[in-house]
Each structure stands twice: as structure tokens, then as C-alpha cells.
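Results of the structural survey
For reference, the chains in residue letters:
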Amino acid sequence: MSGIWRCVDAYEWVELPNTLGMVMHADGGYLGSKPYAASGKYIQRMSDYCGACRYKVSSAEEDNSCPFNSLYWHFIQRHRGRFGKHPRMGMVYKAWERMAPARRRAILQRAEALLDDIENL
Ligand code: SF4
């Protein structure tokens, strides 16, 4: 079997559960109980995308900060009721709570501004 047919064959048992189910959390946590959400810092660590980007990946609250950073924390905060007690999310919520309240507010404000103007990112 050639490589292309293996990929096509894998669509239903790999692409649907992993790409659509786990990554998009579209299965409601059936396979991947932890949401596969990532900050810009994680994207930077796992790729070479950020080098030439106009956004500042090291920042989450400045006007030119990477959108993925503030939107990640916005997602975490927005879904605290659902994921706050999840054993695999404890470190994430601890990191969020360790931030100074003023910084958390600034991050959420940056995320709200991005969401209000999402078409122009
Ligand atoms: S928006 Fe830019 S800085 Fe942020 S993760 Fe993407 S490439 Fe990196």
C-alpha cells in the first residue's frame, strides 16, 4: 500500500478523532479530556512561525502582543467552570492565578479587544 493510500485510509480513524475531535475539542472531551488549546509561546516552541511575525510572542497584554497568548488565557478563564477542577489543567490554572490581578485584567482586556475586532487581525 503506498503512502497516500495509508493517509486516505487513516482519515476516519485518525483525522476525525484527532484533528476534529481532540484538537477542536469537538468530541466534548471523549478522547482528549484536556482541551488542545495553545498559547503563542507554545506555538513558538513547536514551530518556526514567529520569527517574522508582526506580533510580539513574548507579550500577552500589549497592543502588539501575540493574539494567541491573550486569547488562550481568555479561553482558560472563560471555561474555568468546566476545566478548573480537571486534574490535567491544574498547572494551567495555578499559573493563571499566580499572575498579578492587574496583569490578568490587562490580558483579558487585550483578548476582548481582539475578539471585538477579530475580522481585522
Ligand atoms: S500570531 Fe505570530 S507571534 Fe503569535 S503564534 Fe502566530 S506567528 Fe507566533
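Since we're looking at a predicted model, the values are computed, not measured.

1. Points about the side chain of S70
Note that S70 resides in helix α4 (residues 67–78). Its relative accessible area of 0% is what places S70 among the buried residues. Excluding residues that lie within four positions of it along the chain, S70 makes contacts with A60, I107, R110, A111 and L114.

2. Here's the deal with a negative patch on the surface
A cluster of acidic residues, E112, D116, D117 and E119, forms a negative patch on the protein surface. Classification of E119 as exposed rests on a relative accessible area of 72%.

3. With respect to helix α6 (residues 90–98)
Those residues of α6 lying buried are V92, Y93 and W96. An end-on view of α6 places all buried positions within 95 degrees of arc, on one side of the element. Those residues of α6 that are exposed and aimed more than 90 degrees away from the buried face are M91, K94 and R98.

4. A look at the site of the ligand
In the vicinity of the ligand, the contacting residues are G40, I43, Y49, C50, C53, Y55, V57, C66 and F68. For the shell around the ligand, the per-class residue count stands at eight nonpolar, one polar and no charged.

5. Considering the nonpolar core
The biggest cluster of nonpolar side chains holds 11 residues, and these are A60, Y72, W73, I76, F83, M89, V92, Y93, W96, M99 and I107. Those elements giving two or more residues to this core turn out to be α4 and α6. Ignoring any residue separated from it by four or fewer positions in sequence, one finds Y93 in contact with I76, H79, R80, F83 and G84.

6. Examining the domain arrangement of the protein
With domains assigned, the protein is organised as domain 1 (1–32) and domain 2 (34–120). Distance between the C-alpha centres of domain 1 and domain 2: 26 Å. Taken together, the contacts link five residues of domain 1 with five residues of domain 2. For the pairing of domain 1 and domain 2, the buried interface totals around 410 Å² over both sides, and the portion due to carbon and sulfur atoms is 56%. Its largest share of buried area at the contact with domain 2, domain 1 owes to M22, V23 and H25, together 74% of the area lost on that side. Along the contact surface separating domain 1 from domain 2 lie zero salt bridges. Counting the contacts that link domain 1 with domain 2 gives zero residue pairs in polar contact (both at pLDDT 80 or more). Within the side of domain 1 that touches domain 2, the residues separate by chemical class into two nonpolar, three polar and no charged.

7. Examining the packing of α4 against α6
The N-to-C vectors of α4 and α6 enclose an angle of 105 degrees; their axes lie 11 Å apart at closest approach. On the basis of the axis angle, α4 is roughly perpendicular to α6. Of the residues in α6, those touching α4 at Y72, W73, I76 and Q77 are V92, Y93, A95 and W96. Residues of the contact of α4 with α6, tallied by class, amount to seven nonpolar, one polar and no charged.

8. Quick word on the packing of aromatic side chains
For the coordinates displayed, the defined rule picks out three aromatic pairs. Arranged with centres 5.3 Å apart and planes meeting at 15 degrees, the rings of W73 and W96 form a pair that is stacked. Within this pair, whereas W73 is found in helix α4, its partner W96 is found in helix α6, the two being separated by 23 residues in sequence. Of the two residues examined, W73 and W96, each falls in the buried class. Clustering of aromatic rings is evident, with ring pairs tying together Y72, W73 and W96. Over the aromatic face of W96 sits the side chain of R104, whose NZ or CZ is 5.8 Å from the ring centroid.

Reading the values: rules and limits
- Residues numbered from 1 in each chain as written.
- Predicted model: local features only at pLDDT ≥ 70, side-chain atom pairs only at ≥ 80, totals over all residues.
- Heavy atoms only, no water.
- Helix = DSSP H or I, 4+ residues; strand = E, 2+ residues; numbered from the N terminus.
- Buried < 20%, exposed > 50% of the residue type's maximum accessible area, 1.4 Å probe, protein only.
- Contact = heavy atoms within 4.5 Å.
- Patch = residues over 30% accessible without salt bridge, like charges linked within 9 Å, V, L, I, M, F, W, Y side chains within 5 Å.
- Areas by Shrake-Rupley, 256 points an atom, 1.4 Å probe, with all protein chains shown as cover.
- Salt bridge = Lys/Arg side-chain N within 4 Å of Asp/Glu carboxyl O.
- Lys, Arg positive; Asp, Glu negative; His and termini not counted.
- Charge placed at Lys NZ, Arg CZ, Asp CG, Glu CD.
- Arc of directions from axis to C-beta.
- Near = heavy atom within 4 Å.
- Nonpolar A, V, L, I, M, F, W, Y, C, P; charged D, E, K, R; others polar.
- Core = buried A, V, L, I, M, F, W, Y, C linked by side-chain atoms within 4.5 Å.
- Domains from an automatic or database assignment.
- Buried area = accessible area lost by both parts, 1.4 Å probe.
- Polar contact = N/O pair within 3.5 Å; in protein donor to acceptor, adjacent residues only side chain to side chain.
- Axes fitted to C-alpha atoms, helices over the stretch in contact; angles between N-to-C directions.
- Parallel < 35°, antiparallel > 145°, perpendicular 65-115°, else oblique.
- Phe/Tyr/Trp six-rings, centres within 6.5 Å; stacked < 30°, edge-to-face > 60°.
- Lys NZ or Arg CZ within 6 Å of the ring centre and 35° of its normal.

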